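Structure at a glance
These are the residues of each chain, in order.
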Amino acid sequence: QVSLLRLLFSSFINYVSRMCCWLDSALLSSGTALLGSVSLKGRSCLTLKDFSSEEIKRLLWVSGDLKRLIKQEKQYLPLLQGKSIAMIFEKRSTRTRMSTETGMALLGGHPCFLTSQDIHLGVNESCTDTARVLSGLCDLVLARVYSHSTLEELHREASIPIINGLSDLYHPIQILADFLTLQEHYGSLSGLTVSWIGDGNNVLHSFMMAAAKLGVHLRVATPKGYEPDRSVIQEAKNLSKQHGTQLVLTSDPMEAAHGSNVLVTDTWISMGQEEEKKKRLRDFQGYQITMKTGSVAEPNWTFLHCLPRKPEEVDDQVFYSTRSLVFNEAENRKWTIMGLMVSLLTDYYPQIPSSKF
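The structure displayed is predicted, hence computed values, not measured ones.

Cut-off values and rules
- Residues numbered from 1 in each chain as written.
- Predicted model: local features only at pLDDT ≥ 70, side-chain atom pairs only at ≥ 80, totals over all residues.
- Heavy atoms only, no water.
- Helix = DSSP H or I, 4+ residues; strand = E, 2+ residues; numbered from the N terminus.
- Buried < 20%, exposed > 50% of the residue type's maximum accessible area, 1.4 Å probe, protein only.
- Contact = heavy atoms within 4.5 Å.
- Areas by Shrake-Rupley, 256 points an atom, 1.4 Å probe, with all protein chains shown as cover.
- Axes fitted to C-alpha atoms, helices over the stretch in contact; angles between N-to-C directions.
- Parallel < 35°, antiparallel > 145°, perpendicular 65-115°, else oblique.
- Left-handed = near helix turned anticlockwise from the far one by under 90°.
- Nonpolar A, V, L, I, M, F, W, Y, C, P; charged D, E, K, R; others polar.
- Pairing = 2+ DSSP bridges.
- Core = buried A, V, L, I, M, F, W, Y, C linked by side-chain atoms within 4.5 Å.
- Right-handed = clockwise from strand over helix to strand, strands pointing away.

Notes on the overall build of the protein
- Within the protein, the secondary structure is distributed over 13 helices and nine strands.
- For the protein, buried positions account for 54% of its 357 residues.
- Relative to all contacts within the protein whose residues are 6 or more apart in sequence, the contacts with residues 24 or more apart total 75%.
- Accessible area of the protein: about 16,600 Å², with a carbon and sulfur share of 52%.

Let's talk about unusual backbone geometry
- Between Leu 307 and Pro 308 the backbone carries a cis peptide bond, its omega angle lying at -5 degrees.
- Secondary-structure assignment places Pro 308 in the loop between strand E9 (302–305) and helix H12 (316–319).
- Of note in the backbone geometry, Leu 166 takes a positive phi value of approximately 145 degrees without being a glycine.
- Owing to a relative accessible area of 8%, Leu 166 belongs among the buried residues under this scheme.
- Relative to the assigned elements, Leu 307 resides in the loop between E9 and H12.

Some points on the packing of helix H3 (residues 94–106) against helix H13 (residues 326–345)
- One way to put it is that H3 packs onto H13 with a least axis distance of 8 Å and a crossing angle of 50 degrees. On the basis of the axis angle, H3 is oblique to H13. The way H3 lies across H13 gives a crossing that is right-handed. Each of Arg 95, Thr 96, Ser 99, Thr 100, Thr 102, Gly 103, Met 104 and Leu 106 in H3 lies in contact with H13, whose residues at this interface are Ala 330, Arg 333, Lys 334, Trp 335, Ile 337, Met 338 and Met 341.
- Per-class residue counts for the contact of H3 with H13 are seven nonpolar, five polar and three charged.

Notes on the sheet that holds strand E6 (residues 217–221)
- The parallel open sheet is built from five strands, whose spatial order is E7-E6-E5-E8-E9. Looking at strand neighbours, the two that pair on one side only are strand E7 (247–250) and E9, the edges of this open sheet. Direction aside, the axes of adjacent strands within the sheet are offset by 20 degrees on average.
- Relative to strand E8 (residues 262–265), strand E5 (residues 193–197) is paired through three bridges, and the arrangement is parallel. Paired with Val 194 across the bridge in E8 is Val 262.

Concerning the nonpolar core
- Of all hydrophobic cores here, the largest spans 68 residues; its most connected members are Leu 60, Ile 163, Phe 179, Leu 182, Leu 189 and Phe 207.
- In this structure Phe 179 touches Leu 60, Leu 189, Phe 207, Ala 210, Ala 211, Leu 214 and Val 216, once residues within four positions along its chain are discounted.
- Listed in part, the 19 residues of the second largest apolar core include Ala 256, Ala 257, Trp 268 and Leu 307.

Regarding the pairing of strand E4 (residues 162–166)
- Counting buried positions along E4 yields five of five residues, so the element is predominantly enclosed.
- In this sheet, E4 lies alongside strand E3 (residues 140–144) in parallel orientation, the contact comprising four bridges. The residue bridging Leu 142 from the neighbouring strand is Ile 163, located in E4.
- Crossover connection from E3 via helix H5 (residues 148–157) to parallel E4: handedness right-handed.

Examining the packing of helix H4 (residues 127–137) against H5
- It is the contact of H4 with H5, at a shortest axis distance of 8 Å, that shows an interaxial angle of 50 degrees. In terms of orientation, H4 lies oblique with respect to H5. As H4 packs across H5, the resulting crossing turns out to be right-handed. Residues Cys 127, Thr 128, Ala 131 and Arg 132 of H4 touch H5, and the partners they reach there are Thr 150, Glu 153, Leu 154 and Glu 157.
- Across the contact of H4 with H5, the residue classes tally to three nonpolar, two polar and three charged.

Brief notes about the pairing of E7
- A one-sided burial pattern is seen for E7, the buried positions being Val 248 and Thr 250 and the unburied ones Leu 247 and Leu 249.
- In this structure, E6 lies alongside E7, joined through four bridges in parallel fashion. Considered in E7, the bridge of Leu 218 is made with Leu 247.
- Once you follow E6 into helix H8 (residues 230–243) and on to E7, the crossover reads as right-handed.

These values are about where atoms sit, not about what they do.
Okay, here's the thing in structure tokens:
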């Protein structure tokens, strides 16, 4: 009887195991099929607020696919051959410029780098006229600007997709790179807790517009007077409620870091804020991310920073540690902008199965 019971129990365990494997496979196939039906061709990307959960996942899927095929398998995929992108830069940037230029070239397209000295955007030529001119000369525009309203005008008047390369309100292409990095490291995104410790800026705003849609909990610590935009907070609260995630807003860095998987910060002094430097450094005292900050996080905690980094924001012990994913994150700016450009300009279908989100 004991042997029979053991046999029955073993058979039951094997059956349950097979059913779980089948269910995982079925869910993965179902998810892949669902994401496979998503099309972003012809869209603009000004903010991830405008993108659904499935659309963001599709972008990450395409980005991961291109990274594997081109970087790991050494395939040549001229998906954007004959296409060109106008890159408007009111603000300088290492990662945005290099990722877009090299990414477009890798895909067979032609990037055109344009500074305020090269074109007359909003000075001798209006944004409206610039948008209409560029619509006839290229296939895509990436604009890194001071005011988000500039992007909105370009989008309104252009007949081609517009990508936000950074504005005072949002930085969506940075967050795509961040989430691809976390997905690669942790295997999936749903259930992760990300803690932002720093300024309530454009990068944080983009986290707030995307985290809940991916099942990611968000804990935010900003000094008093440096909180995120009120309208962004309200939208983030709505998204958190809709998707069943947690959103915590505090002024205590250690409270934000408690139980977190990912600690994130950014520059405390952005371009155009140099005159506020002394005051900001004083107001952000206690916000530097150190191993002490990580001591209240989960044992598997990691660190992100969109760069360039200053020591007062995060010390060397964390920044150069094995917990730091900042250089993977920087590289993924390339693969995610490539994934975004391909998605906005083509009907490309990824060759690898969809990742687990």
